[in-house]
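Now for the letters of each chain:
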2 protein chains.
Amino acid sequence: NKNSRSWCLSHVTARSPQLDIWPLPQDFTSSMEQYPLNPHTFHFGYGKQSVAQRGCSVLDSAFKRYFSLLGGVKFMISHLVGVGEKNLQCPLKQINVSTKVKAVLNAETVWGAVRGEHVRLLLGYFVNKTEIVDFPRFQFRGILLDTSRHFLPVQTILKTLDAMAYNKFNVFHWHIVDDPSFPYQSCTFPNLSSKGAFHPMTHIYTQSDVRRVISYARLRGIRVLPEFDSPGHTSSWGKGTSNLLTPCYRSGIPSGTFGPVNPALPSTYQFMARLFQEVSSVFPDSFIHLGGDEVDFSCWRSNPDIRTFMQKMGFGVDFAKLQAFYMESIVNITSALKKTSIVWQDVFDYHKRVSKYMVEVWRAGCYLCEVRKVAKAGLRVILASPWYLDQPGPTHDWARYYTVWPLAFKGTDKQKKLVIGGEVCMWGEYVDATNLTPRLWPRASAAAERLWSDERRTSNVDQAFPRLQDFRCKLVRRGIQAEPLYIGHCKHEFQGV
Amino acid sequence: NKNSRSWCLSHVTARSPQLDIWPLPQDFTSSMEQYPLNPHTFHFGYGKQSVAQRGCSVLDSAFKRYFSLLGGVKFMISHLVGVGEKNLQCPLKQINVSTKVKAVLNAETVWGAVRGEHVRLLLGYFVNKTEIVDFPRFQFRGILLDTSRHFLPVQTILKTLDAMAYNKFNVFHWHIVDDPSFPYQSCTFPNLSSKGAFHPMTHIYTQSDVRRVISYARLRGIRVLPEFDSPGHTSSWGKGTSNLLTPCYRSGIPSGTFGPVNPALPSTYQFMARLFQEVSSVFPDSFIHLGGDEVDFSCWRSNPDIRTFMQKMGFGVDFAKLQAFYMESIVNITSALKKTSIVWQDVFDYHKRVSKYMVEVWRAGCYLCEVRKVAKAGLRVILASPWYLDQPGPTHDWARYYTVWPLAFKGTDKQKKLVIGGEVCMWGEYVDATNLTPRLWPRASAAAERLWSDERRTSNVDQAFPRLQDFRCKLVRRGIQAEPLYIGHCKHEFQGV
């Protein structure tokens, strides 16, 4: 009953006010009282007491975007305190569509104000008097894109960032390199992409591409978390470097194939230190993802130099210790660069007493058992297992991503606070720019609400369905190629082809 | 080794010539001999002895399309006999890329010449000397689109027709109306769409839209086969007509809900006669699809007037006989309009001695048992069961659609000839313009090759894979949002978003 379409509905059915907003705000009151809005006099402005004022690029550009999506709105940031880019928390204190038809948004941070796009969704030619108090349930709400198995043009990434912002996701986890290709154009090691990308010119991300993505994301309140996964998943690295990967042996002689990064050579750590020094400065975020998943030990095991190194280090034949040693070295490198490391759960599983990092849980099965173990060890956790959206299940599977309870494990409040959020993973085996968007949306929207909203108010699939269907039409209207949930129609269908 | 990209490969690997063409031609010889082609002097022309000459709209427009896709080619229709629009067979006798670098295409019909787009695929800056003899294995190679469960904008249908032509599909089965909506704007009964469409203005196909689709399809050698499914699947019809649907009863009184078309009223057949008279003239094709699937008998059973009618007709309580009576009446209406009727297998299953029609087999299970039964009864068959592509299985499922053997049933040659082809069905429960194209392509291409090419040369999935991967990149290059088969890249990625 907040946009012109549903207002028409309330005209007919006089249904009680409810919010057609996704993800659902933490708290709101809405009345049947309605006020007209004049689209010709809409404007945005900063409140007099606001700490942020004109010149705050994030809000200035948010005003511009919102205005063009809306056809304008009288919108005022009346109060803004505690602005800090690195502050993950962005509570959004109050939106008050008052009798004078001013939408007043109080937020503690710039990012909270950016996230206050409910206001957009609320406003039509008429508005109901509404008050909203809102803040995110989890501070880390991520989407992983894989640009190694298929190259995603920059335009596709930017479009995904648009859709992420509409869904209040705030972390773009950029799984930028992997076995199949190395599209990141490094200044320090240009051969990594010129030899390791699918194509050295058309299938790479230049420094300027990366800056563009980071800047575009920042204006939408989204952090860019780069992942340079090692020691496994590095085949493509080997094409533009020598002596980085482990030569595999067969029957005592080198077979000509290569395995994971070679953890026995000092040159490996020198290489990694230089690479991560560059990466740390290119990607300003305080987090960095170091991967560490799915390391196949067979190549290491076959190599006599590795075995000698293991003996020297006292690892015996425990290759998990070798991986732990390697990961600890990489974590130390990035710690010295003042970054907080995130690793896939494998690293935690192999070796629990390594230096501090955050753990991303990805394996299927009892993922909450793993979350609990990590939290008990006092480390922060990100949950990804239940949100692997790359596998194209039947469309109505959104409900499967919706009925996930990230904190439903036995633990203390302190342990539960260590679960800082979750992540939707869109791996690239079967996904590129042709099918990314309809495969991601609106299924990722189900995860978005789980990560933002109060679980007790958003646990019913049947109640959520019409609201999500409505939200999906809003995404389509904004040019996002979000697929349908079931039979039906949108007022404005996708016209993109 | 026929386009510039793979020519580069042959340069390096000197691999033996083979055709990167999908669907694979029936017969071809290719040598390593290569000739340069000058893109600036390419042109198309009719051969002197050709029956078709300038002014043949189908070929004139095909030349124009091919030229812009190619950057031009010296291409000559040297001989053309037996032109006939209603002739389903379109053998393509010979393409001869001669030493004088003229591509000579001999075809018996205009449609054969249109289908000769191999020539396009063969030509790059260099061509290998190649001879092709080609013709389709099956005369009916269809794709069903469902515009009732979701409305597909005309632009989306046209784009699909482009992709169909690239894949040598020649029938667009337009499942235009069904339970959820009635988007066909009828001149005779305008209320059907003004009341029964999702929206009376934005979600309808006007007469001009329909003409545009038919004309666009015709120029690409594609027939438009309309389906007006009855007596079931007609809920939306009831909104704009009265007394057409059967009132359902509960505890002896009308419940307010409606069931299938009411077969007991003479007015029903008067309505259908007028509707099909219009449809027959709007859609010029000689085939018409009458549906007849999934009729739920419970509403008929509940209705005392229907039961009285059954007694009068001597049907007892056998509702299959009632359906057969109804379908026979509709088939008689369309026969009088000189149309050949196609029905879903249900009609054949209920009643085998009805007037002549073609049968479309759609049910899962032993579909070849059904094909055999229909062929034994002397009726023509179209096979759809194994090609229900609307369910979004994992992408690599193309192999599942590829490994289908439509004639692998016990039967005489004459019976096998009754299997005139097959059809890919893209039902609309979970599909609209946002996800239609990547869900359809390249999975439908697997069916396309099965329906066009020699089964003995195209039964190996591993051999087909690289050729299909290459063809998928060609589709993407031509602007078709075809999804990837697996990890990898195209020289020109999709840039559409």
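Everything numeric here is computed off the predicted structure, so don't read it as measured data.

## Structural notes on the overall build of chain A
If you tally the helices and strands in chain A, you get 18 helices and 16 strands. For chain A, with 497 residues in total, the buried portion stands at 61%. Across chain A, contacts joining residues at least 24 apart in sequence account for 73% of those joining residues at least 6 apart. As displayed, chain A has an accessible area near 19,200 Å², and 54% of this comes from carbon and sulfur atoms.

## Some words on helix α18 (residues 461-477) of chain B
Residue and element names in this part refer to chain B. Between its terminal C-alpha atoms α18 stretches 24 Å, which fits the 24 Å expected from 17 residues at 1.5 Å a residue. Considered for burial, the residues of α18 that qualify are A464, R467, L468, D470, F471, R472, C473, K474, L475 and V476. Its side-chain oxygen 2.8 Å from the backbone nitrogen of D462, N460 forms the N-cap of α18. Of the residues trailing α18, G479 is marked for its positive phi of about 90°.

## Things to note about the interface of chain A and chain B
Contacts between the two partners involve 40 residues from chain A, matched on the other side by 40 residues from chain B. For the pairing of chain A and chain B, the buried interface totals around 3,500 Å² over both sides, and the portion due to carbon and sulfur atoms is 59%. For the pair chain A and chain B, the interface holds 4 salt bridges. A salt bridge links A:R472 to B:D432, with the shortest nitrogen-to-oxygen separation between them at 2.8 Å. Remark: the boundary between chain A and chain B carries 22 residue pairs in polar contact (both at pLDDT 80 or more). Broken down by secondary-structure element, the contributors of at least two residues to the side of chain A that touches chain B are α5 (154-166), α16 (436-440) and α18 (461-477) of chain A. Of the residues belonging to the side of chain A that touches chain B, the class tally is 18 nonpolar, 14 polar and 8 charged.

## Observations concerning the state of the cysteines
Residue and element names in this part refer to chain B. Within the structure shown, the criterion is met by 6 disulfides over all chains. Bridging C248 to C299, the disulfide has an S-S length of 2.2 Å. Since a negative S-S torsion denotes a left-handed disulfide, the C248-C299 link at about -105° is left-handed. Within this pair, whereas C248 is found in strand β10 (residues 245-250), its partner C299 is found in helix α9 (residues 298-302), the two being separated by 51 residues in sequence.

## Considerations on the pattern of salt bridges
All names here are of chain B. Applying the stated criterion across every chain, the model contains 30 salt bridges over all chains. The closest approach of N and O atoms between R149 and D178, which form a salt bridge, is 3.2 Å. Placement of R149 in the loop between β7 (140-146) and α5 (154-166) and of D178 in the loop between β8 (171-175) and α6 (191-196) is noted, with a sequence separation of 29 residues between them. For the salt bridge of E449 with R467, the shortest nitrogen-to-oxygen distance reads 2.7 Å. In this pair, E449 is assigned in helix α17 (residues 443-452) and R467 in helix α18, connecting sequence segments 18 residues apart. Considered together, E449 and R467 belong to a single accessibility category, that of buried residues.

## Describing the UniProt feature "active site" (unreviewed entry) in chain A
Under the UniProt annotation, the feature "active site" (unreviewed entry) is placed at A:E294. Here A:E294 shows up in the loop between β12 (287-289) and α9 (298-302).

## Some remarks on the environment of B:L152
All names here are of chain B. Along the chain, the position of L152 falls in the loop between β7 and α5. What makes L152 buried here is its relative accessible area of 3%. Expressed as a C-alpha distance, the spacing of L152 and V461, which sit 309 residues apart in the sequence, is 33 Å. Among residues more than four places away in sequence, those in contact with L152 are L145, D146, T147, I157, Y205, D432, A433 and L436.

## A look at the relation of the copies chain A and chain B
The relation between the two copies of this chain is a rotation about an axis and a shift parallel to it. Note on the identical chains: chain A maps onto chain B by a rotation of 180° and an axial translation of 0.0 Å, with an RMSD of 0.0 Å. Those values place the two copies in the arrangement expected of a two-fold rotation axis. When the interface residues of chain A are mapped onto chain B, 100% of them again lie at the interface, so the same face is used by both copies.

## Things to note about the confidence of the model for chain A
Keep in mind that low pLDDT regions are not for reading the predicted coordinates in detail. Of all residues in chain A, 84% have pLDDT values of 70 or greater, and the mean over the chain is 86. When the criterion is pLDDT under 50, residues 81-94 of chain A qualifies, and its contacts beyond four places in sequence or with other chains add up to 52 contacts.

## Here's the deal with helix α11 (residues 319-336) of chain B
Residue and element names in this part refer to chain B. Here α11 spans 26 Å end to end across 18 residues, near enough to the 26 Å set by a 1.5 Å rise per residue. Residues F319, A320, L322, Q323, A324, Y326, M327, S329, I330, V331, I333 and T334 constitute the buried set of α11. If you check the start of α11, you find a side-chain oxygen 3.1 Å away from the backbone N of A320, and it comes from D318. Just downstream of α11, K338 is the residue with a positive phi angle, here 65°.

## Notes on the pairing of strand β14 (residues 358-361) of chain B
Residue and element names in this part refer to chain B. Neither face of β14 is left uncovered, since the one carrying M358 and E360 and the one carrying V359 and V361 both have all their residues buried. Here 3 bridges tie strand β13 (residues 340-344) to β14, and the two strands are oriented parallel to one another. The residue of β14 that forms the bridge with I342 is M358. For β14 and strand β15 (residues 381-383), the ladder comprises 3 bridges, and the chain directions are parallel. The residue bridging V359 from the neighbouring strand is V381, located in β15. In this view, the connection linking β14 to its parallel neighbour β15 by way of helix α13 (residues 367-376) has right-handed handedness.

## Observations concerning the environment of B:V171
Residue and element names in this part refer to chain B. Residue position: V171 is located in strand β8. Here the alpha-carbon distance between V171 and I222, two residues 51 residues apart in the chain, equals 5.2 Å. Contacts of V171, omitting those with residues within four sequence positions, involve F140, R141, G142, I143, M164, I222, R223 and L225.

## Here we look at the pairing of β7(B)
All names here are of chain B. Taking burial as the measure, the 7 residues of β7 include 7 buried ones, the bulk of the element. Here β7 shows no split at all, with F140, G142, L144 and D146 on one side and R141, I143 and L145 on the other all buried. With 6 bridges joining them, β7 and strand β16 (residues 419-426) adopt parallel strand pairing. The residue bridging F140 from the neighbouring strand is G421, located in β16. Inspection of the sheet shows β7 paired to β8 by 5 bridges, in the parallel sense. Within β8, the position partnered with G142 by the bridge is V171. Crossover β7 to β8 through α5 is right-handed.

The rules behind the values
- Residues numbered from 1 in each chain as written.
- Chains lettered and ligands numbered in written order.
- Predicted model: local features only at pLDDT ≥ 70, side-chain atom pairs only at ≥ 80, totals over all residues.
- Heavy atoms only, no water.
- Helix = DSSP H or I, 4+ residues; strand = E, 2+ residues; numbered from the N terminus.
- Buried < 20%, exposed > 50% of the residue type's maximum accessible area, 1.4 Å probe, protein only.
- Contact = heavy atoms within 4.5 Å.
- Areas by Shrake-Rupley, 256 points an atom, 1.4 Å probe, with all protein chains shown as cover.
- Expected span 1.5 Å × (residues − 1).
- Polar contact = N/O pair within 3.5 Å; in protein donor to acceptor, adjacent residues only side chain to side chain.
- Buried area = accessible area lost by both parts, 1.4 Å probe.
- Salt bridge = Lys/Arg side-chain N within 4 Å of Asp/Glu carboxyl O.
- Nonpolar A, V, L, I, M, F, W, Y, C, P; charged D, E, K, R; others polar.
- Disulfide = S-S within 2.5 Å.
- UniProt positions renumbered as here; feature names shortened; annotations may be inferred.
- Least-squares fit on C-alpha atoms with pLDDT ≥ 70 in both.
- pLDDT = per-residue confidence, 0-100.
- Pairing = 2+ DSSP bridges.
- Right-handed = clockwise from strand over helix to strand, strands pointing away.

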